[in-house]
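What follows is the residue order along each chain.
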Amino acid sequence: MSPAPRPYTLVAELTYACPLHCVYCSNPIDFARHRDLLDTATWRRVLRQAERLGVVQVNFTGGEPLLRPDLEALVEEARALDLYTNLITSGLPLERARLERLRRLGLDNVQVSIQDARPAESDRIAGREAFQRKLEVARWVKELGFPLTVNTCSTARTWTAPAR
Amino acid sequence: MIPAAARPSLAAKARLRFDRASGGYMLLYPERGLALNPTAASILRLCNGELSVEAIVERLQGEYSERPAPEMRQDVLEFLEEMVRRGLLQVPA
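These remarks concern the structure in this document. Please read these numbers as outputs of a predicted model, since none were measured by experiment. (Residues numbered from 1 in each chain as written. Chains lettered and ligands numbered in written order. Predicted model: local features only at pLDDT ≥ 70, side-chain atom pairs only at ≥ 80, totals over all residues. Heavy atoms only, no water.)

### Some words on the overall build of chain A
The criterion, for reference: Secondary structure elements follow DSSP: runs of H or I no shorter than four residues count as helices, runs of E no shorter than two count as strands, and numbering proceeds from the N terminus. All radius of gyration figures rest on C-alpha atoms, and the globule criterion is 2.2 Å times the number of residues raised to 0.38. Think of it in three bands: residues with accessible area under 20% of the maximum for their type are buried, residues over 50% are exposed, and the middle band is partly exposed, with areas taken using a 1.4 Å probe on protein chains only. We call two residues contacting when some pair of their heavy atoms lies within 4.5 Å. Every accessible area reported is derived by Shrake-Rupley at a probe size of 1.4 Å, with residue values counting cover from the shown protein chains alone. Two residue types count as positive, namely Lys and Arg, and two as negative, namely Asp and Glu; His and chain ends fall outside the count. One atom stands in for each charge, and that atom is NZ of Lys, CZ of Arg, CG of Asp or CD of Glu.
Counting secondary structure elements, chain A contains six helices and five strands. Listing every helix and strand of chain A by position from the N terminus yields β-α-β-α-β-α-β-α-α-β-α. Taking 164 residues into account, the globule formula puts the C-alpha radius of gyration at 15 Å, and chain A, at 17 Å, falls close to it. Principal-axis analysis of the C-alpha atoms gives chain A an extent of 50 × 40 × 40 Å. The buried share of chain A, taken over its 164 residues, is 48%. Here the contacts in chain A between residues at least 6 apart in sequence split such that 76% fall between residues at least 24 apart. As displayed, chain A has an accessible area near 8,800 Å², and 54% of this comes from carbon and sulfur atoms. On chain A, the mean spot of the 23 positive side-chain charges and the mean spot of the 20 negative ones are 2 Å from each other.

### Topic: the environment of Ser90(A)
All names here are of chain A. Stated formally: For the purposes of these results, a polar contact is taken to be a pair of N or O atoms within 3.5 Å, where, inside protein, one atom must be able to donate a hydrogen and its partner to accept one; residues adjacent in sequence count only when each atom of the pair is a side-chain atom.
With respect to the element layout, Ser 90 can be found in the loop between strand 3 (84-89) and helix 3 (96-104). For the pair Ser 90 and Gln 111, spaced 21 residues apart in sequence, the C-alpha separation works out to 8.4 Å. With residues near it in sequence (within four places) discarded, Ser 90 still touches Pro 19, Leu 20, Glu 64, Val 112, Ser 113 and Lys 134. For Ser 90, the side chain forms a polar contact with the side chain of Glu 64, separated by 2.7 Å.

### Remarks on unusual backbone geometry
Residue and element names in this part refer to chain A. Note the cis peptide between Gly 62 and Gly 63, where omega equals 5°. Relative to the helices and strands, Gly 63 is located in the loop between strand 2 (57-61) and helix 2 (71-80). Even without a glycine there, the phi angle at Asp 82 is positive, about 65°. With respect to the secondary-structure elements, Asp 82 resides in the loop between helix 2 and strand 3.

### Regarding the sheet that holds strand 2 (residues 15-19) of chain B
All names here are of chain B. Counted only if it meets this: Between any two strands, at least two bridges found by DSSP are needed for them to pair. Simply put, an axis is a line fit to the C-alpha atoms, just over the touching stretch for a helix, and the angle between two N-to-C directions goes from 0 to 180 degrees.
Sheet architecture is open: three strands sit in the order 2-3-4, paired in antiparallel fashion. For this open sheet the edge positions go to strand 2 and strand 4 (32-35), each flanked by a neighbour on one side alone. Averaged over neighbouring strand pairs, the angle between their axes works out to 30° when direction is ignored. Pairing of strand 3 (residues 24-29) with strand 4 involves four bridges; the strand directions are antiparallel. Along strand 4, the bridge assignment pairs Tyr 29 with Arg 32.

### Concerning the packing of aromatic side chains
Here is the rule we go by: Any two rings among Phe, Tyr and Trp, with Trp reduced to its six-membered ring, count as a pair given centres within 6.5 Å; such a pair is stacked if its planes are under 30 degrees apart, edge-to-face if over 60, and tilted if neither. In this scheme, Lys NZ or Arg CZ marks a charge over a ring once it lies within 6 Å of the ring centre and within 35 degrees of the ring normal.
Evaluation of the coordinates by the stated rule reveals one aromatic pair over all chains. Measuring from centroid to centroid gives 5.4 Å for Phe18(B) and Tyr25(B), while their planes differ by 75°, and the two rings are edge-to-face. The side chain of Arg103(A) reaches across the aromatic face of Phe146(A), ending 4.5 Å from its centre.

### Digging into the interface of chain A and chain B
The condition that has to hold: In what follows, salt bridge is the name for a side-chain nitrogen of Lys or Arg lying within 4 Å of a carboxyl oxygen of Asp or Glu. Note on residue classes: Ala, Val, Leu, Ile, Met, Phe, Trp, Tyr, Cys and Pro are nonpolar, Asp, Glu, Lys and Arg are charged, and everything else, Gly too, is polar.
At the junction of the two partners, chain A supplies 19 residues and chain B supplies 14 residues. Note that Arg20(B) and Glu51(A) form a salt bridge whose closest N and O atoms lie 2.6 Å from each other. On the surface where chain A and chain B come into contact, there are 12 residue pairs in polar contact (both at pLDDT 80 or more). Every element with two or more residues in the side of chain A that touches chain B is listed here: helix 1 (40-53), strand 2, strand 3 and strand 4 (109-113) of chain A. Its residues assigned to classes, the side of chain A that touches chain B shows six nonpolar, seven polar and six charged.

Nothing here speaks to function; it is geometry throughout.
Structure follows, in structure tokens:
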């Protein structure tokens, strides 16, 4: 008998707000229509329900999940449920002290988006100056002992000049 | 080839965890996970960076006494090498 189907991963889109405006993003930009975010208590409940359904891994994403002041509380809840906890971020609103705090709370992995290996092209795609900040955040991630994942969208533009 | 004196440990990104839905162990890492069979879980639980491969084989002999030691050493080494190849296990030189 095969085991009952179950979900393994919860992708938690905590907010649509984001400091980047990447040209290819599917995130809605008419935030006014999406103002009613789930509150902390509701997300906690969702995490607990997900774990009961069999979920073992949660990806906190958005938008930019760091724009939620309750991210720490949600990471803490996820780790209390023993979920593998992953933060998917642009890196922009991050301070080193906050990353240290998230580390202490048990965050397992950090994914930083980098739009292109070439700084100018990366900033052009992101719609603002961001590349150097992202490199700095990536360095903190490594210094604090996190595993680092770099997220890059493959497009015709980024493929024509691969990273050297 | 992993030397018998090497002390393997899980990669920083990998977390071994009991899965109450299946009653088995899982090895979780970014956006992925492996549902481990009981023997794989027995081996990885001993990969704590303190036990050598030789010590791990010895411990497993207690649990799986029907498997002769040389064959078991071979089984364990093949599994550990596969885990290293996947980047889930580190073996300090």
